[in-house]
Amino acid sequence: MSTEPIHPAVRVGHVHLKVADLDRALRFYRDGLGFGVSADGRAVGLAAAFLAAGDYHHHVGLNTWESAGATPPPPGHTGLYHVAFLYPDRRELGRAVQRLLDHGYEIDHATDHGGTVSVYLADPDGNGVELYYDRPRADWFDADGRPVLKADRFDYRELLPTTKEIP
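Residues numbered from 1 in each chain as written. Predicted model: local features only at pLDDT ≥ 70, side-chain atom pairs only at ≥ 80, totals over all residues. Heavy atoms only, no water.

### Notes on the overall build of the chain
Item 1. From N to C terminus, the chain includes two helices and nine strands.
Item 2. From first element to last, N terminus to C terminus, the chain shows the α and β order β-α-β-β-β-β-α-β-β-β-β.
Item 3. Across its three principal axes, the chain shows a C-alpha extent of roughly 55 × 55 × 35 Å.
Item 4. For the chain, buried positions account for 38% of its 167 residues.
Item 5. Considering only intrachain contacts with a sequence separation of at least 6, the fraction spanning at least 24 residues in the chain is 58%.
Item 6. Total accessible area computed for the chain in this model is approximately 10,500 Å², and 54% of it derives from carbon and sulfur atoms.
Item 7. Counting 17 positive and 24 negative side-chain charges, the chain places the centres of these two groups 2 Å from one another. (Helix = DSSP H or I, 4+ residues; strand = E, 2+ residues; numbered from the N terminus. Buried < 20%, exposed > 50% of the residue type's maximum accessible area, 1.4 Å probe, protein only. Contact = heavy atoms within 4.5 Å. Areas by Shrake-Rupley, 256 points an atom, 1.4 Å probe, with all protein chains shown as cover. Lys, Arg positive; Asp, Glu negative; His and termini not counted. Charge placed at Lys NZ, Arg CZ, Asp CG, Glu CD.)

### What about the nonpolar core?
Nonpolar side chains in soluble globular proteins generally cluster together in the buried interior.
Item 1. Y29, L33, L62, F85 and L131 are the most contacted members of the largest nonpolar core, which has 34 residues in total.
Item 2. Those elements giving two or more residues to this core turn out to be β1 (15-18), α1 (22-32), β3 (48-52), β4 (60-63), β5 (83-87), α2 (90-102), β7 (116-122) and β8 (128-134).
Item 3. Those residues in contact with L62 that sit more than four places away from it in its chain are H16, L17, V19, L22, A25, L26, Y29, A47, A48, A49 and L51. (Core = buried A, V, L, I, M, F, W, Y, C linked by side-chain atoms within 4.5 Å.)

### Notes on the pattern of salt bridges
It is possible for side chains bearing opposite charge to pair when their charged atoms get close.
Item 1. Going through the model one piece at a time under the given rule, you end up with 12 salt bridges.
Item 2. In this structure, the salt-bridge partner of D152 is K150, at a minimum N-O distance of 3.6 Å.
Item 3. Connected through shared salt-bridge partners, D112, R135, K150 and D152 make up one network. (Salt bridge = Lys/Arg side-chain N within 4 Å of Asp/Glu carboxyl O.)

### With respect to α2
Item 1. Here α2 spans 18 Å end to end across 13 residues, near enough to the 18 Å set by a 1.5 Å rise per residue.
Item 2. Buried within α2 we find R90, L93, G94, A96, V97 and L100. Axial view of α2: buried residues confined to an arc of 160°, hence all on one face. Every exposed residue of α2 that faces more than 90 degrees away from the buried side is listed here: R91 and D102.
Item 3. In the core, the buried residues of α2 are packed alongside α1, β5, β7 and β8.
Item 4. By the N-cap criterion, in which a side-chain oxygen at the helix start approaches the backbone nitrogen of a residue two or three places on, α2 is capped by D89, the distance to R91 being 3.3 Å.
Item 5. Remark: G104 follows α2 within two positions and exhibits a positive phi of approximately 85°. (Expected span 1.5 Å × (residues − 1). Arc of directions from axis to C-beta. Polar contact = N/O pair within 3.5 Å; in protein donor to acceptor, adjacent residues only side chain to side chain.)

### Considering the packing of aromatic side chains
Item 1. Summed over all chains, the structure comprises three aromatic pairs.
Item 2. With centroids separated by 4.9 Å and ring planes inclined at 85°, the aromatic side chains of F28 and Y105 adopt a geometry described as edge-to-face. In this pair, F28 sits in helix α1 while Y105 sits in the loop between α2 and β6 (109-114), placing the two residues 77 residues apart along the sequence.
Item 3. Exposure remark for F28: the relative accessible area of 0% places this residue in the buried category.
Item 4. A network of ring pairs unites the aromatic residues F28, Y29 and Y105 as a single cluster.
Item 5. Looking at R157, its charged tip hangs above the ring of Y156, at a distance of 5.6 Å from the centre. (Phe/Tyr/Trp six-rings, centres within 6.5 Å; stacked < 30°, edge-to-face > 60°. Lys NZ or Arg CZ within 6 Å of the ring centre and 35° of its normal.)

Function-wise, these values are silent; they only describe arrangement.
Here's what the structure looks like:
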């Protein structure tokens, strides 16, 4: 049995979500979050769409193969807790929050985790969504080299482009 660690360049490439309504999910991920549609399978009879930031093939896949018209799983069941999208900096996270608000989506809460600053909400199918940015790597650890772990809630409006920045 191998005990070698996974290669450090491995990354999460994409998330593929079962949704109840493809058009509704597209409005959230395309219009609310700003992902571009890289492929819409409905043109060839495939009930799926693929979205990306930039020119990547896809970061988010959406389908109704087993879930058209379905309801979210009830609380207390296993499944996806949330998908997290990493923004390059505080400014871009703030712009993302403003975009969501402009499109009528509600933010659940914001949390300062020390090394990261996060905003949480649910997509229209009840999937958890985290939008966050990383602070500089030096801020991820305390003076003794231990990871900073905290969950200090703050008002997400502090991230909006017209307000004071969080450090």
